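# Fold and contact review
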Amino acid sequence: MGRSLPGGTRGILRPRTGLESFRVERAAPSPALVPFVDFFWTLRWDLRGRPPHRQQVLTRPSVHMTFTSYLTSGATRARIVGVVRDDFVEEIADEGRVIGAAFRPGGFRPFLDGPVAALTGRFAGVDEVFGAPGLDLAAEIFATPGDAAAVARLEAFLAGLRPEPDPSAERAAAIVGRIAGRPGVVRVGELARDEGVSPRSLQRLFHEYVGIGPKWVIRRFRMIEAAERAEAGTRVDWARLAAELGYADQAHFTRDFTAAVGTSPARYAREEELAGSGHDGPPRDPRPPR
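From N to C terminus, the protein chain includes ten helices and nine strands. Taken against the 2.2 N^0.38 rule, which gives 19 Å for 290 residues, the C-alpha radius of gyration of the protein chain at 19 Å falls within 12% of a compact globule. Each principal axis of the C-alpha distribution contributes one length, and for the protein chain these read about 55 × 50 × 30 Å. Residues classed as buried in the protein chain amount to 46% of the 290 residues present. Long-range pairs, those at least 24 residues apart, make up 72% of the contacts in the protein chain with a sequence separation of at least 6. For the protein chain, the exposed surface amounts to about 13700 Å²; the carbon and sulfur share of it is 51%. In the protein chain, 40 side chains carry a positive charge and 36 a negative one; their mean positions are 4 Å apart.

Before going further, it helps to examine the packing of aromatic side chains. Counted according to the given criterion, the structure contains 14 aromatic pairs. For the pair W45 and Y70, a centre-to-centre distance of 6.3 Å together with 65° between the ring planes defines the contact as edge-to-face. Residue W45 is found in strand β3 (residues 37-46), and its partner Y70 is found in strand β5 (residues 64-70); the two are separated by 25 residues along the sequence. Residue W45 is classed as buried on the basis of its relative accessible area, which comes to 4%. With relative accessibility at 22%, the residue Y70 sits in the partly exposed group.

To continue, consider the pairing of β3. Among the ten residues that make up β3, seven are buried, leaving the element largely enclosed by the rest of the structure. Of the strand pairs in this sheet, strand β2 (residues 23-27) and β3 are connected by five bridges, and their pairing is antiparallel. Bridging from a neighbouring strand, V24 pairs with L43 of β3. Examined bridge by bridge, β3 and strand β8 (residues 95-103) share nine bridges and lie antiparallel to one another. Bridging across to β8, W41 finds its partner in G100.

What counts, and where the lines are drawn
- Residues numbered from 1 in each chain as written.
- Predicted model: local features only at pLDDT ≥ 70, side-chain atom pairs only at ≥ 80, totals over all residues.
- Heavy atoms only, no water.
- Helix = DSSP H or I, 4+ residues; strand = E, 2+ residues; numbered from the N terminus.
- Rg over C-alpha atoms; globule rule 2.2 N^0.38 Å.
- Buried < 20%, exposed > 50% of the residue type's maximum accessible area, 1.4 Å probe, protein only.
- Contact = heavy atoms within 4.5 Å.
- Areas by Shrake-Rupley, 256 points an atom, 1.4 Å probe, with all protein chains shown as cover.
- Lys, Arg positive; Asp, Glu negative; His and termini not counted.
- Charge placed at Lys NZ, Arg CZ, Asp CG, Glu CD.
- Phe/Tyr/Trp six-rings, centres within 6.5 Å; stacked < 30°, edge-to-face > 60°.
- Pairing = 2+ DSSP bridges.

And the structure:
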């Protein structure tokens, strides 16, 4: 796959365990699609003769277009995944592949006849957005064995639609980027003031282009930041981190983290430490797939 990008695991919880069960690769979009697509990605797994794997992800404010092939059974699935408000759990088994496009915040709006919020919390068939050409694209991708060739087919389809850059989409993406890169951004009012708009105007921008409100985006990136700190293998001062992420007290932060991840931050850090040392962590109750 050309134009490869590093990383690709941000938001994947318990990544050490997950990457023993699957492989993720990412590729940068061509220049024509840079305003719209963050990256293309493939996921491959071969668990034949092994138990299924359930992977939990702290989703980001991004729309995904995915084409899933279950190679053992021959089943396929093509869908548009809107922003997922809660945690996302996917089960993989036997052998399979996903070819996907992750759109920039706001980047899917030029492909959609309406606000991106119409997709939030939904898994829509590709034909709901792209009609019969979307179904034809799915059939071509499923029939293409090579990952790079399948990604190229998806990229050509999107580029062929000739989406027009939208200054409001660019602004939405830039604001989300600031939220992601600055842990000190913790309040919608302050963010709106920094952007020179009212909180209501910021809400409308996010509804139309991102698909979910700025408050959710701020909290989600703060949870991803906390999970990454816990996974780093270094001792974390949780009270200090809670304050850094804008929480009035550690208890509130711990409740939010536990609700999002399914376990307390201290226990999560311990699980990752044990996983890194080659030992199994304490037992966990997996959540059902969504």
